[in-house]
Number of protein chains: 4
Amino acid sequence: MPRNSVPGADELLNKHFKVLDKGFVRLVDYMGGDHSIVQSARVSYGSGTKSLREDKGLINYLLRNWHTSPFEQVQMTFHCKMPIFVARQWVRHRTARLNEVSGRYSIMTDEFYVPDEARIQFQSADNKQGSGESMPRDYSAEKVSEFSGDQGQLYGHYESMVEEGMARELARINLPLSLYTEWYWQIDLHNMFHFLRLRLDPHAQYEIRVYAEAMAECTKAVCPVAYEAFEEHILNSRTFSRGEMMVLRRMLRRGGWNEDSHLGEVTKMSSRRKGEFVSKLWNTPKEKEKSPEITPVERDTGPD
Amino acid sequence: MPRNSVPGADELLNKHFKVLDKGFVRLVDYMGGDHSIVQSARVSYGSGTKSLREDKGLINYLLRNWHTSPFEQVQMTFHCKMPIFVARQWVRHRTARLNEVSGRYSIMTDEFYVPDEARIQFQSADNKQGSGESMPRDYSAEKVSEFSGDQGQLYGHYESMVEEGMARELARINLPLSLYTEWYWQIDLHNMFHFLRLRLDPHAQYEIRVYAEAMAECTKAVCPVAYEAFEEHILNSRTFSRGEMMVLRRMLRRGGWNEDSHLGEVTKMSSRRKGEFVSKLWNTPKEKEKSPEITPVERDTGPD
Amino acid sequence: MPRNSVPGADELLNKHFKVLDKGFVRLVDYMGGDHSIVQSARVSYGSGTKSLREDKGLINYLLRNWHTSPFEQVQMTFHCKMPIFVARQWVRHRTARLNEVSGRYSIMTDEFYVPDEARIQFQSADNKQGSGESMPRDYSAEKVSEFSGDQGQLYGHYESMVEEGMARELARINLPLSLYTEWYWQIDLHNMFHFLRLRLDPHAQYEIRVYAEAMAECTKAVCPVAYEAFEEHILNSRTFSRGEMMVLRRMLRRGGWNEDSHLGEVTKMSSRRKGEFVSKLWNTPKEKEKSPEITPVERDTGPD
Amino acid sequence: MPRNSVPGADELLNKHFKVLDKGFVRLVDYMGGDHSIVQSARVSYGSGTKSLREDKGLINYLLRNWHTSPFEQVQMTFHCKMPIFVARQWVRHRTARLNEVSGRYSIMTDEFYVPDEARIQFQSADNKQGSGESMPRDYSAEKVSEFSGDQGQLYGHYESMVEEGMARELARINLPLSLYTEWYWQIDLHNMFHFLRLRLDPHAQYEIRVYAEAMAECTKAVCPVAYEAFEEHILNSRTFSRGEMMVLRRMLRRGGWNEDSHLGEVTKMSSRRKGEFVSKLWNTPKEKEKSPEITPVERDTGPD
């Protein structure tokens, strides 16, 4: 008998999602889908799943209760092309299986990431690892041109050295981190959700976030029900610490949210942590549901 | 120069924590501690950590922002003795490194877990994988004796077969899951926190929870600051889904928590999910801080 | 476009391979095949693969040179039913992803492994973890009956306790290790080869070896070329240590193999290691090619 | 009680092994040693180890029989500084735990790898990923100067952009792969042996091999007996495929090694595979034991 397949995913197979100026993501293959999550969960829980008759209910139940192993039964393989500095962040996800083009074996092609002018941004004032406002237009244009010129010069030197017979493994060492590389990359759905949670975050670097967005589209096609549950229970969920829960409970008992001074009355958090708490409570970028009097303070999500 | 050591952890080394009737946990060795979390984080963030001068502030910052890699730098090795049905749940944590006694090589010793009478409990009514009230005293006494008798009979048959020359790998196949086994088990702190979050949960099976409690004591000795941060940001934290956050925000805007009917007004959750939500909001077993009008509905934490 | 599929593998899908008295293995799904190994290798090596035009040559080249990552691109999912003592060995392969039936959730069914009479064997004299000759027929019949009787008694006690309302998580603790369990088990081809190398070995316990044999059939169907390369370069290869290589070279220079005393002349190995060396050199169970004057000494392969 | 420590390893702690022009390796901490391998093996095999009374015999036995889990009980933490193109090869070993300096958080320092003139080598003629003879002296001097000039120019541009306020995560994208980075890197002994086998190989790129050599020194200090067993059974072992074993056996039976034509008589290998076979048989770089009439053909070890 033929394998189970997911028509919406089959339509995507081998279509390229263009990412950045010269990169792409394409779904090469997949195994499983919503049906296989349900199938393997039913093996585990046996009669325990009788009360959760619908697949959708079961998938949501599993995800919000950390029953992660059924999600490991879905696999996706991607072919991706991205700048090396993006690949360096990406490869920190050690649970994936990958095959990357080798600069020792192959001659690297002359393709570099050149940011748009609008992407030339100031260092963020409040986020040590982020970008802020766009820089002045003239300056940006000049810098884009400088990036591009340096890339051309370095590639020219590389090309000459290779032509003159130098070992490729050595000639490549001065190529810039903006050079494009390629790989096959395979991951299971549980670890994909972890990747997406970190890399779809507004504080992930823009250049990897756009890859995450393309892969999120593919994931949605392979297992639409599980993806929706991921958005509900992971991506857009909020976690409150023990101390924050105590503040929250006091607010609920004392008549709800009032204003910032009210919060000061019931807690002794530092101003940094207070900002994080207020932001978690009211900041809902995906739903455009904002408390008007609150300026959200954004949350750091870690270094790469 | 000598390695960094943690005096409080050195005191524990090779002391046995008695667990269940015949089991134990002992800390055999460890590497790192709070200092090595800080040290490896400072390599990553460099000047980014200047504003977080205190180690405690940095460790809390890392944990509540999912910067998990510095916690992987701490290692602990345990020597444990536990019934096989407990080992079967435990071994699902695949990131640990272990060496277990082999029933093919060795003759298993005559030690089985016999539950206390008070542990003879009814199946939980609301939790498909849990235990409820204690069963009647007479019945419990009878069953404890039955457990014990069957163990003796099966071990007697095993012992005879081994004495009569049967291959150990075969003679052992009918030994009960209550037989004690032993292993060396090594894990890093990040994965230890994951283990503890799942196995300290009130819905973990009692017989593995008591091992988790002993290991939590050891973890606290090796890295007291990180352990406290774990209790604050992971163990006693609460996560609300996108839908739950919308309900929470409405309650805060409309004057706080009122009563169950009020919740019904603002949401269309199923009664199961409503119970989960109310429980997350008010149920705080560690802090004895309970809203009196609410009967907590407990949360499932998954199968083994 | 539809996914690539392997007709020979599709034919197997959902067919049961019967294993032991009540167990089975069935291939539930797979992703990739010989073509995807080649495809991902060509991404890595680019122009480096031009000289290896044939897929078969490339796959063999990769395997004998430890280029293992392209083999990770193939995935297989199995549904298996096996005794718990077999599952306990199996689960030591931590790179697989699995969902097992839970004895906390579900009522275990009354199915136990009862060995054939011919399987009732003596402890091996020379292999501490193995089985030797069959035991006397009468004795074996008696023991098979004893196994079976004990299983019935223990299951009866279990069944009563569950009926009387005892928590399933507790009632099950005395069930024997010969009880059948089930799981979904997913692994990539690189780690499958590692599993097969260890579990197809003549010194793996018989009861897990028969599962490995069924899974080897499925693997062969999914990627026939890679499987043949595995047999050539891994399963039937022999590794010689530095010291053994020195002996081998001396023998080759001095006119070939003579007799055991000759070996004694050129080396000072212990008799145990000498036996291992001679066995590696001449013992070829798969090819029936044996040096008649040599009695092979079998090699230990480790505990479970 | 204090932890077990290894005096020879304690002496190394925090000493820097200088590697390349500006890099280093230093052992930061370790856990376990030869004693802990033995200790955890004895738990597994119990009475099975009685006949292997000496630790050295036991460790060798474990390693040559693929009993790898006791080696996982030893951990080492390193602080390393290396060029990014080296880090990119290194990070493919996914079983390690690492914290690397982040170019999003921190301003990268002005340190680049500049190869020695003698390292400016031709592409290898027979190894698609290797280096061959040194290039002419004048050419090399010119290229070293070009590498260095480009590095200075690119760093200058980076520095200006950072000073002018550009986001660090963006300003860094054109920095060359020869830029130095730093990390804390922790691995267990089993996986360390795998790393060393691949990276000490003569065909690993020179620039990572020198790091492997420094780490091999540290490993030897932490567990001298296990390291010696690694050299004997892994690093300097040779593996022969089924087909190669058949040729070897024929040679041994027919009077030993004669000359290349003799080999042609008994086998139908391709010339490439014949070269590999002859090289495995006679090529012993570590022991300076060479058959004079044979020109070794070197073995590819894979791409990065």
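Residues numbered from 1 in each chain as written. Chains lettered and ligands numbered in written order. Predicted model: local features only at pLDDT ≥ 70, side-chain atom pairs only at ≥ 80, totals over all residues.

Considerations on the overall build of chain A
Part 1 of the reasoning: Secondary structure summary: chain A contains 12 helices and eight strands in total.
Part 2 of the reasoning: Looking at chain A alone, contacts between residues at least 24 apart form 69% of all its contacts between residues at least 6 apart. (Helix = DSSP H or I, 4+ residues; strand = E, 2+ residues; numbered from the N terminus. Contact = placed C-beta atoms within 7 Å.)

Thoughts on the sheet that holds strand 3 (residues 75-83) of chain D
Strands pair in a sheet through their backbones, by hydrogen bonds, and they do so in one of two ways: parallel or antiparallel.
Part 1 of the reasoning: Across the sheet, which stays open at both edges, the five strands sit in the order 1-2-3-7-4 (chain D) with antiparallel pairing between neighbours. Of all strands in the sheet, those bounded by a partner on one side alone are strand 1 (17-19) and strand 4 (97-100) of chain D. Averaged over all pairs of adjacent strands, the angle between strand axes in this sheet comes to 20 degrees, irrespective of strand direction.
Part 2 of the reasoning: Of the strand pairs in this sheet, strand 3 of chain D and strand 7 (residues 180-188) of chain D are connected by nine bridges, and their pairing is antiparallel. Bridging across to strand 7 of chain D, threonine 77 of chain D finds its partner in glutamine 186 of chain D.
Part 3 of the reasoning: Across the sheet, helix 2 (residues 34-45) of chain B is in contact with strand 4 and strand 7 of chain D; its angle to strand 4 of chain D comes to roughly 50 degrees.
Part 4 of the reasoning: Against the sheet, helix 8 (residues 206-222) of chain D engages strand 1, strand 2 (23-31) and strand 3 of chain D, with an angle of about 155 degrees to strand 3 of chain D. (Pairing = 2+ DSSP bridges. Axes fitted to C-alpha atoms, helices over the stretch in contact; angles between N-to-C directions.)

Observations concerning the relation of the copies chain C and chain A
Note: a rotation about an axis with an accompanying shift along it relates these two copies of the chain.
Part 1 of the reasoning: Relative to chain A, chain C is turned by 180 degrees and slid 0.0 Å along the rotation axis, the superposed coordinates differing by an RMSD of 0.0 Å. Each copy turns onto its partner about a two-fold axis. Among all C-alpha atoms of chain C, that of methionine 31 of chain C lies closest to the rotation axis, at 2.9 Å.
Part 2 of the reasoning: Same-surface contact between copies: 100% of interface residues of chain C are shared with the interface of chain A. (Least-squares fit on C-alpha atoms with pLDDT ≥ 70 in both.)

Comments concerning the packing of helix 3 (residues 55-64) of chain D against helix 9 (residues 224-235) of chain D
Residues and elements named next belong to chain D.
Part 1 of the reasoning: Interhelical geometry of helix 3 versus helix 9 gives an angle of 40 degrees and a closest axis separation of 9 Å. Taken together, helix 3 and helix 9 sit at an angle that is classed as oblique. Our pair here, helix 3 against helix 9, has a crossing hand that is right-handed. On helix 9, the residues that touch Asp55, Lys56, Ile59, Asn60, Leu63 and Arg64 of helix 3 are Val225, Ala226, Ala229, Phe230 and His233.
Part 2 of the reasoning: For the contact of helix 3 with helix 9, the per-class residue count stands at six nonpolar, two polar and three charged. (Parallel < 35°, antiparallel > 145°, perpendicular 65-115°, else oblique. Left-handed = near helix turned anticlockwise from the far one by under 90°. Nonpolar A, V, L, I, M, F, W, Y, C, P; charged D, E, K, R; others polar.)

Considering the relation of the copies chain B and chain C
Part 1 of the reasoning: Expressed as a screw operation, the relation of chain B to chain C combines 0.0 Å of axial shift with a rotation of 180 degrees, fitting to an RMSD of 0.0 Å.
Part 2 of the reasoning: Taken together, the interface assignments show that 100% of the residues at the interface of chain B recur at the interface of chain C, consistent with an identical surface on both copies.

Observations regarding the interface of chain B and chain C
Part 1 of the reasoning: At the interface, 43 residues of chain B touch 43 residues of chain C.
Part 2 of the reasoning: Contributing elements (two or more residues each) for the side of chain B that touches chain C: strand 5 (121-123), helix 5 (137-163) and helix 6 (168-171) of chain B.
Part 3 of the reasoning: Counting residues per element, the side of chain B that touches chain C draws most heavily on helix 5 of chain B, at eight residues.
Part 4 of the reasoning: For the side of chain B that touches chain C, the per-class residue count stands at 20 nonpolar, 13 polar and 10 charged.

Digging into the packing of helix 5 (residues 137-163) of chain A against helix 5 (residues 137-163) of chain D
Part 1 of the reasoning: Taken N-terminus to C-terminus, the directions of helix 5 of chain A and helix 5 of chain D make an angle of 165 degrees; their axes are 12 Å apart at the nearest point. Looking at the two axes, helix 5 of chain A sits roughly antiparallel to helix 5 of chain D. Regarding helix 5 of chain A and helix 5 of chain D, the two cross each other, and that crossing is left-handed. Of the residues in helix 5 of chain D, those in contact with Lys143, Glu146, Asp150, Leu154, His157 and Met161 of chain A of helix 5 of chain A are Lys143, Glu146, Asp150, Leu154, His157 and Met161 of chain D.
Part 2 of the reasoning: Broken down by class, the residue content of the contact of helix 5 of chain A with helix 5 of chain D amounts to four nonpolar, two polar and six charged.

Here we look at the interface of chain C and chain A
Part 1 of the reasoning: Counting from both sides, the interface comprises 39 residues of chain C and, opposite them, 39 residues of chain A.
Part 2 of the reasoning: For the side of chain C that touches chain A, the secondary-structure elements that each account for two or more residues are strand 2 (23-31), helix 2 (34-45), strand 3 (75-83), strand 4 (97-100) and strand 7 (180-188) of chain C.
Part 3 of the reasoning: Considered class by class, the residues forming the side of chain C that touches chain A number 14 nonpolar, 17 polar and eight charged.

As for the environment of arginine 92 of chain B
Part 1 of the reasoning: The topology assignment puts arginine 92 of chain B in the loop between helix 4 (84-90) and strand 4 (97-100).
Part 2 of the reasoning: Expressed as a C-alpha distance, the spacing of arginine 92 of chain B and phenylalanine 195 of chain B, which sit 103 residues apart in the sequence, is 9.9 Å.

Observations regarding helix 10 (residues 242-253) of chain C
All names here are of chain C.
Part 1 of the reasoning: Here helix 10 is 12 residues long and its end C-alpha atoms lie 17 Å apart, about the 16 Å a rise of 1.5 Å per residue gives.
Part 2 of the reasoning: Buried within helix 10 are the following residues: Glu244, Met245, Leu248, Met251 and Leu252. Projected onto a plane normal to the axis of helix 10, the buried residues spread over an arc of 125 degrees and lie on a single side.
Part 3 of the reasoning: Backbone geometry just downstream of helix 10 places glycine 255 in the positive-phi region, at approximately 105 degrees. (Expected span 1.5 Å × (residues − 1). Buried ≥ 20, exposed ≤ 12 C-beta atoms within 10 Å, placed from the backbone. Arc of directions from axis to C-beta.)

Some words on the pairing of strand 7 of chain C
Residues and elements named next belong to chain C.
Part 1 of the reasoning: Of all nine residues making up strand 7, nine are buried, and the element is well covered by its neighbours.
Part 2 of the reasoning: Looking at chain direction, strand 4 and strand 7 are connected through four bridges and run antiparallel. When the bridges of strand 7 are listed, asparagine 99 appears paired with tyrosine 184.

Notes on the sheet that holds strand 3 of chain C
Part 1 of the reasoning: Pairing in this open sheet of five strands is antiparallel, and the strands run 1-2-3-7-4 (chain C) from one edge to the other. The open sheet terminates on both sides in strands that have one partner only, identified here as strand 1 (17-19) and strand 4 of chain C. Along the sheet, successive strands turn relative to each other by an average axial angle of 20 degrees, direction set aside.
Part 2 of the reasoning: Direction of pairing for strand 1 of chain C relative to strand 2 of chain C: antiparallel, over a ladder of three bridges. Opposite valine 19 of chain C, over in strand 2 of chain C, you have glycine 23 of chain C as the bridge partner.
Part 3 of the reasoning: Relative to the sheet, helix 2 (residues 34-45) of chain A contacts strand 4 and strand 7 of chain C, its axis offset from that of strand 4 of chain C by approximately 50 degrees.

Some thoughts on the nonpolar core
Part 1 of the reasoning: Grouped together as the largest cluster of nonpolar side chains are 305 residues, with contacts concentrated most on Tyr211 of chain A, Tyr211 of chain B, Tyr211 of chain C together with Tyr211 of chain D.
Part 2 of the reasoning: When residues no more than four places from it in sequence are discounted, the contact partners of tyrosine 211 of chain B are Val19, Val25, Cys80, Met82 and Val86 of chain B. (Core = buried A, V, L, I, M, F, W, Y, C linked by C-beta atoms within 7 Å.)

Points about unusual backbone geometry
Part 1 of the reasoning: The residue tryptophan 66 of chain A is not glycine, and still its phi comes out positive at about 60 degrees.
Part 2 of the reasoning: Residue class for tryptophan 66 of chain A comes out partly exposed when judged on the 16 C-beta atoms lying within 10 Å of it.
Part 3 of the reasoning: For leucine 20 of chain C, which is not glycine, the phi torsion reads 55 degrees and is therefore positive.
Part 4 of the reasoning: Assignment of secondary structure puts leucine 20 of chain C in the loop between strand 1 and strand 2.
Part 5 of the reasoning: Residue class for leucine 20 of chain C comes out buried when judged on the 21 C-beta atoms lying within 10 Å of it.

A short note on the environment of glutamine 151 of chain C
Part 1 of the reasoning: For glutamine 151 of chain C, the location among the structural elements is in helix 5 (residues 137-163).
Part 2 of the reasoning: Through-space distance from the C-alpha of glutamine 151 of chain C to that of alanine 212 of chain C is 26 Å; in sequence the pair is 61 residues apart.
Part 3 of the reasoning: If we skip the residues at most four places from it in the chain, glutamine 151 of chain C touches Asn174 of chain B together with Phe112, Pro176 and Ser178 of chain C.

With respect to helix 8 of chain D
Part 1 of the reasoning: The end-to-end C-alpha separation of helix 8 of chain D is 25 Å, in line with the 24 Å expected for 17 residues at 1.5 Å each.
Part 2 of the reasoning: Along helix 8 of chain D, the residues that are buried comprise Glu207, Ile208, Val210, Tyr211, Ala212, Ala214, Met215, Cys218, Thr219, Ala221 and Val222 of chain D.

Brief notes about the confidence of the model for chain A
Residue and element names in this part refer to chain A.
Part 1 of the reasoning: With 87% of its residues at a pLDDT of 70 or more, chain A shows a mean pLDDT of 87.
Part 2 of the reasoning: Taking the mean pLDDT of every element in chain A, the minimum, 60, falls on helix 11 (residues 260-266) and the maximum, 98, on helix 5.
Part 3 of the reasoning: Low confidence marks residues 286-304, where pLDDT is under 50. Its contacts with residues over four positions away, or in another chain, come to 48 contacts.
Part 4 of the reasoning: Model confidence for the complex: the whole-complex pTM is 0.91, and ipTM, which rates the interface, is 0.89. (pLDDT = per-residue confidence, 0-100.)

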